[in-house]
Amino acid sequence: MKYFQSIFAIAIVLAVSALTASAADLKLIANSSVGASSVSADDLKGVFLITKTSLSDGTHVEPVLLKSGATHESFVKQYLGKSDSALQTYYRSLVFTGKGSMPKELSTDAEVVAYVAKTKGAIGYVSSGAAAAGVKTIEVN
């Protein structure tokens, strides 16, 4: 019995470590027109759930998402509190009711960086190792 308890405890520690590691494996990026160097978790959630169009400093922002992958799953779970399928359902309901439109979705980190670099107010996320030339990194607090 103690053997199974030990295995269970180790599994929990590994699961928590994996979640923490995956959250650290992404970075939030923004177009240079975005004045903020940090954003609250609530503001970030509001922007990506289309309930806010600007940050607390008044900067208008446009969310940009990755279509899929580990970085996308980590971002959606940690910062939006949803699964990818729940997020897609949420966006479809906004479109269907006329309350919003689907945010831009791109396939790769490089595409997100390029789009954010050229689009005023764009804010997105990429894996922590992605080259981020032409954009600024924003901290979440």
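Here the structure is shown first, and the text comes after it.
Computed from a prediction, not measured in an experiment: that's the story for all the values here.

Rules and cut-offs
Residue indices follow the written sequence of each chain, beginning from 1 at its first position. With pLDDT at 70 or above as the cut-off, local features in this predicted model cover only qualifying residues; side-chain atom pairs require 80 or more to be listed or tallied, and sums for whole chains, interfaces and linings still use all residues. Only hydrogens and water are set aside; all other atoms, that is, all heavy atoms of the structure, feed into the side-chain values. In plain words, nonpolar cores are sets of buried Ala, Val, Leu, Ile, Met, Phe, Trp, Tyr and Cys residues tied together by side-chain atoms within 4.5 Å. Buried residues are those whose accessible area, probed at 1.4 Å on protein chains only, stays under 20% of the maximum for their type, while exposed residues exceed 50% and partly exposed ones sit between those limits. The numbering of helices and of strands both runs from the N terminus, where a helix is a DSSP run of H or I of at least 4 residues and a strand a run of E of at least 2. Two residues qualify as a contact provided that any one of their heavy atoms is within 4.5 Å of a heavy atom in the partner residue. Pairs of strands are assigned from DSSP output, requiring at least two bridges between the strands. Centre distance within 6.5 Å is the pairing criterion for rings of Phe, Tyr and Trp, where only the six-membered ring of Trp is used; planes under 30 degrees apart are then read as stacked, over 60 as edge-to-face, and the remainder as tilted. Charge-over-ring placement is defined geometrically: NZ (Lys) or CZ (Arg) within 6 Å of the ring centre, and within 35 degrees of the ring normal. Each C-beta atom gives one direction from the helix axis, and the arc is the one those directions make.

Let us now look at the nonpolar core. Within the largest apolar cluster, 36 residues are counted, with the highest numbers of intra-cluster contacts made by Leu44, Phe48, Phe75, Val112 and Ile123. Those elements giving two or more residues to this core turn out to be β1 (26-30), α2 (41-48), β3 (62-66), α3 (70-80), α4 (84-97), α5 (109-118) and β5 (122-127).

The next subject is the side chain of Asp43. In this structure, Asp43 sits in helix α2. Setting aside residues no more than four positions away along its own chain, Asp43 makes contact with Lys52, Leu55 and Ser56.

A few words now on the sheet that holds strand β2 (residues 38-39). In spatial order, the strands read β2-β6-β1-β5-β3-β4; together these six strands make up an open sheet with mixed pairing. In the strand order of this sheet, the two ends are held by β2 and β4 (104-106), each with one partner. Bridge count between β1 and β5: five bridges; the pairing is antiparallel. Following the sheet pairing, Leu28 is matched in β5 by Tyr125.

Take the packing of aromatic side chains next. The final tally for this structure, using the stated rule, is five aromatic pairs. Ring centres of Phe75 and Tyr125 lie 4.0 Å apart, and the angle between their planes is 10°; on these two criteria the pair is classed as stacked. In this pair, Phe75 is assigned in helix α3 and Tyr125 in strand β5, connecting sequence segments 50 residues apart. Taking relative accessible area as the criterion, Tyr125 reaches 0% and is therefore assigned buried. For the pair Tyr90 and Tyr91, a centre-to-centre distance of 5.9 Å together with 55° between the ring planes defines the contact as tilted. An aromatic cluster of three or more residues is present, and its members are Phe48, Phe75, Tyr79 and Tyr125. For the cation-ring pair, Lys82 lies above Tyr90, with the distance from its terminal atom to the ring centre recorded as 5.1 Å.

Let us now look at unusual backbone geometry. Of note, Ile50 is a non-glycine position whose phi angle comes to about 60°, a positive value. In this structure, Ile50 sits in the loop between α2 and β3. Overall, the relative accessible area of 26% leaves Ile50 in the partly exposed class.

The α-helix winds at 3.6 residues per turn, so residues separated by three or four positions along the chain end up facing the same way. Among the residues making up α3, those that are buried are Thr71, His72, Ser74, Phe75, Val76, Tyr79 and Leu80. Of the residues one or two after α3, Gly81 is the one with positive phi, at around 70°.

Before going further, it helps to spend a moment on the environment of Lys82. With respect to the secondary-structure elements, Lys82 resides in the loop between α3 and α4. The class for Lys82 is partly exposed, based on a relative accessible area of 26%. If we skip the residues at most four places from it in the chain, Lys82 touches Leu49, Val76, Lys77, Leu87 and Tyr90.

Moving on: α5. Taken residue by residue, α5 has Val112, Val113, Tyr115 and Val116 as its buried positions. The buried residues of α5 occupy an angular sector of 170° when projected down its axis, which confines them to one face. Opposite the buried face of α5, at more than 90 degrees from it, the exposed residues are Ala110 and Lys118. Each element contacted by the buried residues of α5 is listed here: β1, β3, β4 and β5.

With respect to the secondary-structure elements, Thr71 resides in helix α3. Once residues within four sequence positions are removed from consideration, Thr71 is found in contact with Asp25, Leu26, Leu66, Tyr125, Val126 and Ser127.

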